Amino acid sequence: MWMMDSERIKEREFEDLLGRFANFIRIHIHKYNLYKYGLDPDDVSQDVRIKIWKLLDSEKNITNYPSYIKKIVNSSVIDQLRKIRREEGIFSHERQVAENEVVHSIEMARFRSLEETVGKAVDKLIESRRQVVKLYLLNLSIPEISSYLNWSTDKTRNLLYRGLSDLKKNLKNMDIHYESQR
C-alpha cells in the first residue's frame, strides 16, 4: 500500500513539475532552433521528461528547480546533437566503405580483363618460352624455374628474356601499352 502511495506522490509531483515548467522547458528547447540540425523538439522534450522522472525517482533534493531543469534541457539537447553526429559519422563511414567497394570491384574487373589479355598474349608464345614465362608470372625465380623444368639456368634465362620480349610485342599488337617499372 505504501508503494502505491509513493508512486502516486511521485506521479503527482512529476505532473506538477511539468505543469509549472512546461513553458520554461519549451522556451529553452526552442531557443536552440533544433530544426536546423534536423532534430525534432518533441524528441528533446521527451528526453527532458524522462530525465525529470529519473530525477524524482532518485529522490534527490533539488532546491532550485528552474536552474536544474535548464541544465536538464541543455544536456538533453547536447545528447541529441551528439547522437546525430554519431549517426552521421556512421553513415559517412558506410558511404565511404560502399564507395571503396565500388572502386575495388571496378579495379578487380580491370585486373581480370588485363589478366585475360596477358593470358591470351602468353598463349601465343612458342611452347618453351610460354612455359618459362608462365612460371615467371607465377613469381618463380630463374633458378626455381630451371630446377622445375630440369634446364640449365642459362637456357631458362635466355628463354625467359626472349619470351618476355615476345610477350611485349604481342601485347603491343593487342593495343595494350605498359610502363616499365624501373
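Definitions and limits used
Residues numbered from 1 in each chain as written. Predicted model: local features only at pLDDT ≥ 70, side-chain atom pairs only at ≥ 80, totals over all residues. Heavy atoms only, no water. Helix = DSSP H or I, 4+ residues; strand = E, 2+ residues; numbered from the N terminus. Rg over C-alpha atoms; globule rule 2.2 N^0.38 Å. Buried < 20%, exposed > 50% of the residue type's maximum accessible area, 1.4 Å probe, protein only. Contact = heavy atoms within 4.5 Å. Areas by Shrake-Rupley, 256 points an atom, 1.4 Å probe, with all protein chains shown as cover. Lys, Arg positive; Asp, Glu negative; His and termini not counted. Charge placed at Lys NZ, Arg CZ, Asp CG, Glu CD. Salt bridge = Lys/Arg side-chain N within 4 Å of Asp/Glu carboxyl O. Expected span 1.5 Å × (residues − 1). Core = buried A, V, L, I, M, F, W, Y, C linked by side-chain atoms within 4.5 Å. Phe/Tyr/Trp six-rings, centres within 6.5 Å; stacked < 30°, edge-to-face > 60°. Lys NZ or Arg CZ within 6 Å of the ring centre and 35° of its normal. Arc of directions from axis to C-beta. Axes fitted to C-alpha atoms, helices over the stretch in contact; angles between N-to-C directions. Parallel < 35°, antiparallel > 145°, perpendicular 65-115°, else oblique. Nonpolar A, V, L, I, M, F, W, Y, C, P; charged D, E, K, R; others polar.

## Focus: the overall build of the protein
Part 1: Tallying secondary structure elements over the protein gives six helices and zero strands in all.
Part 2: Here the C-alpha atoms of the protein give a radius of gyration of 37 Å, more than 25% beyond the 16 Å that 2.2 N^0.38 yields for 182 residues.
Part 3: By residue count, 25% of the 182 residues in the protein fall in the buried class.
Part 4: For the protein, the proportion of contacts with a sequence separation of at least 24, taken over those separated by at least 6, is 64%.
Part 5: Approximately 13600 Å² of the protein is accessible, and the part contributed by carbon and sulfur atoms is 51%.
Part 6: Computed over 32 positive and 28 negative side-chain charges, the separation of the two mean positions in the protein equals 7 Å.

## Quick look at unusual backbone geometry
Part 1: A positive phi angle, close to 70°, is found at Asn 139, a residue other than glycine.
Part 2: With respect to the helices and strands, Asn 139 occurs in the loop between α4 (127-137) and α5 (142-149).
Part 3: Classification of Asn 139 as exposed rests on a relative accessible area of 70%.

## Considerations on the pattern of salt bridges
Part 1: Applying the stated criterion to the full structure yields nine salt bridges.
Part 2: For Arg 130, the salt bridge is made with Glu 127, and the minimal N-O distance between the two is 3.0 Å. With Arg 130 and Glu 127 both in helix α4 and three residues apart, this pair spans about one turn of that helix.
Part 3: Residue Arg 130 is classed as partly exposed on the basis of its relative accessible area of 21%.

## Some thoughts on helix α6 (residues 153-173)
Part 1: Taking 1.5 Å of rise per residue, the 21 residues of α6 would be expected to cover 30 Å, and the 30 Å separating its terminal C-alpha atoms lies within 8% of that figure.
Part 2: In this fold, the buried residues of α6 make contact with α3 (65-123), α4 and α5.
Part 3: Downstream of α6 by one or two residues, Asp 175 has phi in the positive range, about 65°.

## Some thoughts on the nonpolar core
Part 1: The biggest cluster of nonpolar side chains holds 20 residues, and the ones touching the most others in it are Ile 25, Val 48, Ile 52 and Ile 69.
Part 2: Elements represented by at least two residues in this core include exactly α1 (2-30), α2 (41-57) and α3.
Part 3: Ignoring any residue separated from it by four or fewer positions in sequence, one finds Ile 25 in contact with Leu 18, Val 48, Ile 52, Ile 69 and Val 73.
Part 4: If you look at the next biggest cluster of nonpolar residues, it comprises 13 residues, including Ala 121, Val 122, Val 132 and Leu 171.

## Overview of the packing of aromatic side chains
Part 1: Throughout the structure, instances matching the rule amount to two aromatic pairs.
Part 2: When the ring centre of Trp 151 is taken as origin, the NZ or CZ atom of Lys 155, which lies over that ring, is 4.4 Å away.

## Observations regarding α5
Part 1: Every buried residue belonging to α5 is among Ile 142, Ile 145, Ser 146 and Leu 149, and all of these are buried. Projected down its long axis, α5 carries its buried residues within an arc of 95°, all on one side. Exposed side chains of α5 directed beyond 90 degrees from the buried face belong to Pro 143, Ser 147 and Tyr 148.
Part 2: Of the surrounding secondary structure, the elements contacted by the buried residues of α5 are α4 and α6.

## Some words on the packing of α4 against α6
Part 1: Two elements in contact, α4 and α6, have axes whose closest approach is 8 Å; the angle formed by their N-to-C orientations is 90°. It follows that α4 is roughly perpendicular to α6 by the angle criterion. Every residue of α6 that contacts α4 at Ser 128, Arg 129, Val 132, Val 133 and Tyr 136 is listed here: Thr 156, Leu 159, Leu 160, Arg 162, Gly 163, Leu 164, Asp 166 and Leu 167.
Part 2: Here the residues of the contact of α4 with α6 are counted per class, giving seven nonpolar, three polar and three charged.

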